[in-house]
Amino acid sequence: MNTNPFTEEIEALERNHEAARNELDSWKAKLTWFEDVNLDQATGELMRTQRMQTETQARLGAMRLGLVDLAATVQRLEEEAGMGIDPRHWFSSERAIAKRQLTAMQQKLVDGQASISSMEAVISSAAVAGRDIQSRIEKARVFDPLLAQSAIAALQTTIEQIAPQMAALRHRSDKLDEALLEPQQRLSEEEWQRPQLQGRIELAAKFEDELGKAASYERRQIHSRCDSRLGNERPAVVIRESRNALRRVEANITKLRARIAELVKIASRDVRHIIIDGNNLCNAGGIGFVGLAALKAIVPILAEAYKVTLIFDSGIRGKLQLRNKDIEAAFPDAALVHVVASRRSADELILDIAGDDRYTFVLSNDRFADFPEKSAVKEARLLQHEIVCQTARIYDLRIEVPFDLQAEEKATP
């Protein structure tokens, strides 16, 4: 079973991309065809074809009339060249002349019929060619090149929009597959173990049942068979140990499935903009105040894939002994760096900036319990971090970045 939620979406985008590409090629081919059509030339060609057809039709009519007369002549000559009933006619000069004329007239008749067939073929071809030319002319006249150009531009835009979407989804899909590889392998191993253990329990139960019904002299044989099949001659021990192992396997399967579901849930988040609670990342549980060290390490990494906004409480200026412009200059990769002017907390401003945009997430360990009505809180668009041993981690984004606290302390006046 494929647990990657991006597979179907990627396949749908690929189908849309292919359909748009095919339609684009079709419109381009139509426009190229239209640009190659010369209506004046096509009209002239049509007139020549129609004229040739008319002229050939006229010659055909005349030839058919001529063949009627020729056929009558052939019939007359056939009669004259025939034997007849009068013996005097058999060897007459008139019959001899008629026979010679008949042969010539028959050949003319055959040639005439061939010419008629040829003319009919020419007329038929001309009619087909005329219809084809007429069709091209009519098609060209109704074709709208502006519509074609508009469709081409729209399809090119669609393709240009789909391509980066596919690339981004494939990247997220690959990262998820990488994250799922180890737990899925372990899950497969645990799920393979379950029926093995269930089989051992069932077989051991059968041996246990046989022992309960067997006579004393048969019990040794049953114990021997149990040892041979299950590696232990005591079925009760096998049942107990296998049931304990099965419970561990079931627990592992439950945990692994929950872990896989959580990884899929995290990966399904479409994060495009991250608003960082600056003050929150200036403090580490075990280390205490780390200043801008963790932020300087993590912001450039985040900025490679996301839009990054940094918001600080006003009190940060005093803690860092820095002016606003110095704090802003420390993060050239961020889209915005803002220090709250008043003594108010930055929490509400952070949540207001996140707003209703489902692609915007807040990076902070603050659960914002005072603002349950804010969309980012209700929709759980909150990312947590961990700062331990001079390493900043954002598990939801699979980011782990070390930072140099001593270098930061030296850089801070």
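Here is what the cut-offs are and how they apply
Residues numbered from 1 in each chain as written. Predicted model: local features only at pLDDT ≥ 70, side-chain atom pairs only at ≥ 80, totals over all residues. Heavy atoms only, no water. Helix = DSSP H or I, 4+ residues; strand = E, 2+ residues; numbered from the N terminus. Rg over C-alpha atoms; globule rule 2.2 N^0.38 Å. Buried < 20%, exposed > 50% of the residue type's maximum accessible area, 1.4 Å probe, protein only. Contact = heavy atoms within 4.5 Å. Areas by Shrake-Rupley, 256 points an atom, 1.4 Å probe, with all protein chains shown as cover. Lys, Arg positive; Asp, Glu negative; His and termini not counted. Charge placed at Lys NZ, Arg CZ, Asp CG, Glu CD. 1 Å grid on protein atoms, 1.4 Å probe; cavity = no way out; pocket = protein on both sides within 12 Å on 5 of 7 lines; lining within 4 Å. Points joined across faces, edges and corners; volume = space filled by probe spheres on them. Nonpolar A, V, L, I, M, F, W, Y, C, P; charged D, E, K, R; others polar. Pairing = 2+ DSSP bridges. Axes fitted to C-alpha atoms, helices over the stretch in contact; angles between N-to-C directions. Phe/Tyr/Trp six-rings, centres within 6.5 Å; stacked < 30°, edge-to-face > 60°. Lys NZ or Arg CZ within 6 Å of the ring centre and 35° of its normal. Core = buried A, V, L, I, M, F, W, Y, C linked by side-chain atoms within 4.5 Å. Parallel < 35°, antiparallel > 145°, perpendicular 65-115°, else oblique.

Enquirer: Would you mind showing me how to read the overall build of the protein here?
Expert: Scanning the protein for helices and strands turns up 14 helices and ten strands. Computed over C-alpha atoms, the radius of gyration of the protein comes to 47 Å, more than 25% over the 22 Å expected from 2.2 N^0.38 for 413 residues, which places it beyond the range of a compact globule. Across the 413 residues of the protein, 36% fall into the buried class. Counting only contacts in the protein whose residues sit at least 6 apart along the sequence, the fraction spanning at least 24 positions is 70%. In the structure as shown, the protein presents an accessible area of about 25,100 Å², 51% of it carried by carbon and sulfur atoms. Here the protein carries 57 positive and 63 negative side-chain charges, and the mean point of each set is 3 Å from the other.

Enquirer: In this structure, what is going on with the layout of surface pockets? I would like to understand it.
Expert: One water molecule sets the probe size; rolling that probe over the atoms shows where empty space is left. In this model, the largest pocket occupies a volume close to 970 Å³. Looking at the largest pocket, it is lined by 36 residues, and the ones nearest its centre are Arg 172, Ala 267, Arg 269, Val 271 and Tyr 306. For the lining of the largest pocket, the secondary structure elements donating two or more residues are helix 1 (6-36), helix 5 (145-213), helix 7 (235-268), strand 9 (391-394) and strand 10 (399-402). When residues in the lining of the largest pocket are grouped by element, the largest group, nine residues, is from helix 5. Considered class by class, the residues forming the lining of the largest pocket number 21 nonpolar, three polar and twelve charged. Approximately 170 Å³ is the volume attributed to the second largest pocket. Lining the second largest pocket are Arg 269, Asn 365, Arg 367, Ala 380, Leu 382, Gln 384, His 385, Glu 386, Tyr 395 and Asp 396. Its residues assigned to classes, the lining of the second largest pocket shows three nonpolar, three polar and four charged.

Enquirer: I would appreciate a short explanation of the sheet that holds strand 10 in the present structure.
Expert: Strand order in the open sheet formed by three strands is 8-9-10, and the pairing between neighbours is antiparallel. Two strands bound the open sheet, and with one partner strand each, they are strand 8 (386-388) and strand 10. In this sheet, adjacent strand axes meet at a mean angle of 15° when their direction is disregarded. Bridge count between strand 8 and strand 9: three bridges; the pairing is antiparallel. Residue pairing across strands places Val 388 opposite Thr 391, the latter belonging to strand 9. Relative to the sheet, helix 9 (residues 293-303) contacts strand 8, strand 9 and strand 10, its axis offset from that of strand 10 by approximately 140°.

Enquirer: Got a minute to help me understand the packing of aromatic side chains in this structure?
Expert: Centre-to-centre distance and the angle between the planes together describe a pair of aromatic rings. Considering all chains together, one arrives at two aromatic pairs under this definition. One cation-aromatic arrangement involves Lys 30 over Trp 27; the distance from NZ or CZ to the ring centre is 4.8 Å.

Enquirer: Teacher, can you tell me more about the environment of Gly 315 here?
Expert: Looking at the secondary structure, you find Gly 315 in the loop between strand 4 (307-312) and helix 10 (316-320). By relative accessible area, Gly 315 is classed as partly exposed at 41%. Once the C-alpha coordinates of Gly 315 and Asp 326 are considered, the two residues, eleven residues apart in sequence, prove to be 15 Å apart.

Enquirer: Honestly, the sheet that holds strand 1 (residues 273-277) in this entry has me stumped. Any pointers?
Expert: The strands making up a sheet associate through hydrogen bonds between their backbones, and the pairing can be parallel or antiparallel. Strands sit in the order 5-4-1-6-7 across an open sheet of five strands; the sheet is parallel. Edge positions in the open sheet fall to strand 5 (336-339) and strand 7 (382-383), since each of these has one partner strand only. In this sheet, strand 5 lies alongside strand 4 in parallel orientation, the contact comprising four bridges. Pairing of Leu 310 across the sheet is with Val 337, part of strand 5. Against the sheet, helix 9 engages strand 1, strand 4 and strand 6 (360-363), with an angle of about 150° to strand 4. Here helix 12 (residues 347-354) sits on the sheet and contacts strand 1, strand 4, strand 5 and strand 6; the angle it forms with strand 1, its principal contact strand, is near 175°.

Enquirer: I tried to follow the nonpolar core on my own but got confused; where do I start?
Expert: One broad trend across soluble globular proteins is that nonpolar side chains are buried collectively. Counting 38 residues, the largest nonpolar core has Ile 276, Leu 295, Leu 302, Phe 312 and Phe 331 as the members making the most contacts within it. If you list the elements that add at least two residues to this core, you get strand 1, helix 9, strand 4, helix 10, strand 5, strand 6, strand 9 and strand 10. It is helix 9 that contributes the most residues to this core, seven residues altogether. If near-sequence neighbours (up to four positions away) are discounted, Leu 295 is found in contact with Ile 276, Gly 278, Leu 281, Cys 282, Pro 300, Leu 310, Phe 312 and Phe 331. The next biggest cluster of nonpolar side chains, apart from the first, holds 21 residues, and it includes Phe 6, Leu 180, Ile 260 and Val 264.

Enquirer: Help me out: how do you make sense of the environment of Phe 331 in this one?
Expert: Along the chain, the position of Phe 331 falls in the loop between helix 11 (324-329) and strand 5. Between the C-alpha atom of Phe 331 and that of Leu 310, which follows or precedes it by 21 residues, the distance is 8.7 Å. Residues in contact with Phe 331, not counting those within four places in the same chain, are Leu 292, Leu 295, Lys 296, Val 299, Leu 310, Phe 312 and Val 337.

Enquirer: I'm lost on the packing of helix 5 against helix 6 (residues 216-230) in this one. Help?
Expert: At a minimum axis distance of 10 Å, the contact between helix 5 and helix 6 shows a crossing angle of 175°. Judged by the angle between their axes, helix 5 and helix 6 are roughly antiparallel. Facing helix 5, whose interface residues are Arg 200, Leu 203, Ala 204, Phe 207, Glu 210 and Leu 211, helix 6 presents Arg 219, Ile 222, His 223, Arg 225, Cys 226, Arg 229 and Leu 230. Taken together, the residues that form the contact of helix 5 with helix 6 break down as seven nonpolar, one polar and five charged.

Interpretation in functional terms is not warranted from these geometric data alone.
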